[in-house]
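# Architecture at a glance
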Amino acid sequence: MENSRNYHDEQNNINTLKMRQVVSTLPPFCKQFFRGIQEYTSSRTRLAYAYDLRVFFEFIHNNNSVLAKSDITEFPISILDQITREDIEEYMDYITYYVKDGKEYSNNERGKKRKLSALKSFYNYFFCAELIKTNPAALVPLPKLHEKEIVRLDADEVAILLDQVEEGDKLTKNQLKYHNKTKIRDVALLTLLLGTGIRVSECVGLDINDVDFKNNGIKIRRKGGYETVVYFSDEVADALHDYLEKRHHVIPMEGHEEALFLSMQNRRITVRAVENLVKKYASTVTGLKKITPHKLRSTYGTALYQETGDIYLVADVLGHKDVNTTRKHYAAQEDARRRMAAKAVQLREK
């Protein structure tokens with residue numbers, strides 16, 4: 001029988017094949033860039049860069065009368081020295097909103113920042129390798145991001161959501177048919193997300209043997225490819241035990257034998273499926289905030305910070321490489337804690 005596929009390696013293979021396809025539509029010198037950054041970037045990042053560079057070269061091709069005469073795949077590396085800061089600024093303006101093949105595209109400040117970051121990395125690589133003389137991308141500042149308010153569930157909302165996953169009394173008749181089959185899995189999945197703060201991609205990538213009930217820990221593969229152990233409570237352990245009792249009676253599709261969470265088709269559950277089930281249950285709770293799996297992660301991070309006050313612990317458990325990312329997310333709570341300091345120390349008896 002075929003070995004069960006490692007989810008993360010399989011995703012890397014899919015991304016690699018997609019990237020080769022996109023790179024074949026780019027100027028030939030782009031291959032050197034992707035080889036050069038391979039050691040310190042994920043396949044997902046490289047694929048995103050490839051898509052972003054394709055948008056850039058299509059813009060240059062369509063807006064430069066000289067370059068329009070050549071196919072993009074025939075562009076020599078010397079064209080990078082012909083592109084100016086103004087060209088890149090016009091490109092940034094263009095990607096705010098454009099139409100391609102009858103389909104509309106738009107980029108908010110986060111999308112624009114990502115596309116410009118890709119271009120900066122691209123130019124920087126060739127400039128540092130002394131293959132080009134100019135680096136116009138370095139002259140264009142990254143857009144300033146406006147911080148979005150973090151949406152998180154309050155403790156009572158968490159309880160209401162999990163009750164609804166268990167009971168399903170607000171689901172439609174059609175949804176209830178499936179609910180009876182997936183209820184135990186869904187409770188385990190949402191309890192795990194809310195009780196550990198792991199990312200959805202980390203959750204769907206879990207194999208059965210990644211769960212260690214002796215130490216109440218799960219081994220996950222983080223963004224960036226490194227493995228770590230995240231620990232969970234007895235409440236999460238109980239939900240996982242209940243699910244695994246049922247899971248052991250299921251015959252998975254070939255290649256999905258080791259997957260922890262299975263879909264109705266007995267394949268490894270997908271990120272999209274988890275997003276949809278969170279949306280389904282959240283929509284049945286009246287007045288509940290618009291919830292995505294990432295908001296469940298924020299809910300856990302908030303609760304952990306409120307309980308411990310340790311921003312470094314929260315950063316470590318959530319897998320943030322930079323504690324400033326975490327601090328930025330939970331700044332409002334840090335401010336509330338600092339306000340407590342004003343009342344904590346009394347100088348003279350009243």
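Reading the values: rules and limits
Residues numbered from 1 in each chain as written. Predicted model: local features only at pLDDT ≥ 70, side-chain atom pairs only at ≥ 80, totals over all residues. Heavy atoms only, no water. Helix = DSSP H or I, 4+ residues; strand = E, 2+ residues; numbered from the N terminus. Buried < 20%, exposed > 50% of the residue type's maximum accessible area, 1.4 Å probe, protein only. Contact = heavy atoms within 4.5 Å. Areas by Shrake-Rupley, 256 points an atom, 1.4 Å probe, with all protein chains shown as cover. Lys, Arg positive; Asp, Glu negative; His and termini not counted. Charge placed at Lys NZ, Arg CZ, Asp CG, Glu CD. Patch = residues over 30% accessible without salt bridge, like charges linked within 9 Å, V, L, I, M, F, W, Y side chains within 5 Å. Salt bridge = Lys/Arg side-chain N within 4 Å of Asp/Glu carboxyl O. Pairing = 2+ DSSP bridges. Core = buried A, V, L, I, M, F, W, Y, C linked by side-chain atoms within 4.5 Å. Expected span 1.5 Å × (residues − 1). Bend = angle between axes of the 7 residues up to and from the residue. Axes fitted to C-alpha atoms, helices over the stretch in contact; angles between N-to-C directions. Parallel < 35°, antiparallel > 145°, perpendicular 65-115°, else oblique. Left-handed = near helix turned anticlockwise from the far one by under 90°. Nonpolar A, V, L, I, M, F, W, Y, C, P; charged D, E, K, R; others polar.

Let us now look at the overall build of the chain. The helix and strand inventory of the chain stands at 15 helices and five strands. Dimensions of the chain along its principal axes, counting C-alpha atoms only, are 75 × 65 × 40 Å. Sorting the 350 residues of the chain into buried and exposed places 41% on the buried side. The contacts of the chain with a sequence gap of at least 6 include a subset with a gap of at least 24, amounting to 61%. Here the chain displays about 20,700 Å² of accessible surface, and carbon together with sulfur accounts for 49% of that area. The chain carries 54 positive and 49 negative side-chain charges, and their two centres are separated by 3 Å.

Negative charge collects at one region of the surface, where Asp163, Glu166, Glu167, Asp169, Asp234, Glu235, Asp238, Asp242 and Glu245 lie side by side. Listed by contribution, the elements that provide at least two residues to the negative patch are helix H7 (155-167) and helix H10 (234-247). With five residues, H10 is the largest single contributor of residues to the negative patch. Structurally, Asp163 can be placed in helix H7.

With that settled, consider the pattern of salt bridges. Using the criterion set out here, one finds 11 salt bridges in the structure. For Asp52, the salt bridge identified is with Lys115, shortest N-O distance 3.3 Å. With Asp52 in helix H3 (residues 43-63) and Lys115 in helix H6 (residues 109-128), this pair connects stretches of sequence that are 63 residues apart. There is no split in this pair, since Asp52 and Lys115 are both buried. Between Arg272 and Glu275 there is a salt bridge, with the nearest N and O atoms lying 3.7 Å from each other. Remark: Glu275 and Arg272 occur in helix H11 (residues 271-283); sequence separation between them is three residues, near one turn of the helix.

Here Tyr312 shows up in helix H13 (residues 311-318). Residues Tyr312 and Ile14, spaced 298 residues apart in sequence, show a C-alpha to C-alpha distance of 34 Å. Those residues in contact with Tyr312 that sit more than four places away from it in its chain are Val323 and Arg327.

Summarising the sheet, strand S4 (residues 217-221) and strand S5 (residues 227-231) pair through five bridges and their orientation is antiparallel. Residue pairing for S5: Ile220 is matched across the bridge by Thr228. Where S4 folds back onto S5 in an antiparallel hairpin, the turn is made up of five residues, including Gly224, whose phi is positive at roughly 100°.

Here we take up the environment of Ser298. Relative to the helices and strands, Ser298 resides in helix H12 (residues 293-308). For Ser298 and Leu318, which are 20 residues apart along the polypeptide, the C-alpha to C-alpha distance reads 9.3 Å.

Here we take up the nonpolar core. The nonpolar side chains of a soluble globular protein tend to be buried with one another. Within the largest apolar cluster, 44 residues are counted, with the highest numbers of intra-cluster contacts made by Leu192, Ile198, Ile218, Phe261 and Leu296. Elements represented by at least two residues in this core include exactly H7, helix H8 (173-196), helix H9 (200-204), S4, H10 and H11. Looking at which element gives the most residues to this core, the answer is H8, with seven residues. For Ile218, the residues in contact, after removing those within four places along its chain, are Leu192, Ile198, Leu206, Asp210, Val211, Thr228, Val229, Val230 and Phe232. The next biggest cluster of nonpolar side chains, apart from the first, holds 38 residues, and it includes Leu26, Ile88, Tyr91 and Leu116.

On to H8. Helix length check: H8, at 24 residues, gives a terminal C-alpha distance of 32 Å against a target of 34 Å (1.5 Å per residue), a fit within 8%. At Thr182, H8 shows its largest bend, some 65°. In the segment just after H8, Gly197 is the residue with positive phi, at about 75°.

Next up on the list: the pairing of S4. Most of S4 sits inside the fold, with four of its five residues counted as buried. Here two bridges tie strand S3 (residues 211-212) to S4, and the two strands are oriented antiparallel to one another. In the strand pairing of S4, Asp212 is matched with Gly217.

Bringing the packing of helix H5 (residues 85-94) against H6 into the picture now. Remark: H5 packs on H6, axes separated minimally by 10 Å, with the N-to-C direction vectors making an angle of 150°. Comparing their axes, H6 and H5 come out roughly antiparallel. Here the hand of the crossing between H5 and H6 comes out right-handed. Residue-level inspection shows Ile88, Tyr91 and Met92 of H5 in contact with H6, the latter providing Lys112, Lys115, Leu116, Leu119 and Tyr123. Here the contact of H5 with H6 is composed, by residue class, of six nonpolar, no polar and two charged.

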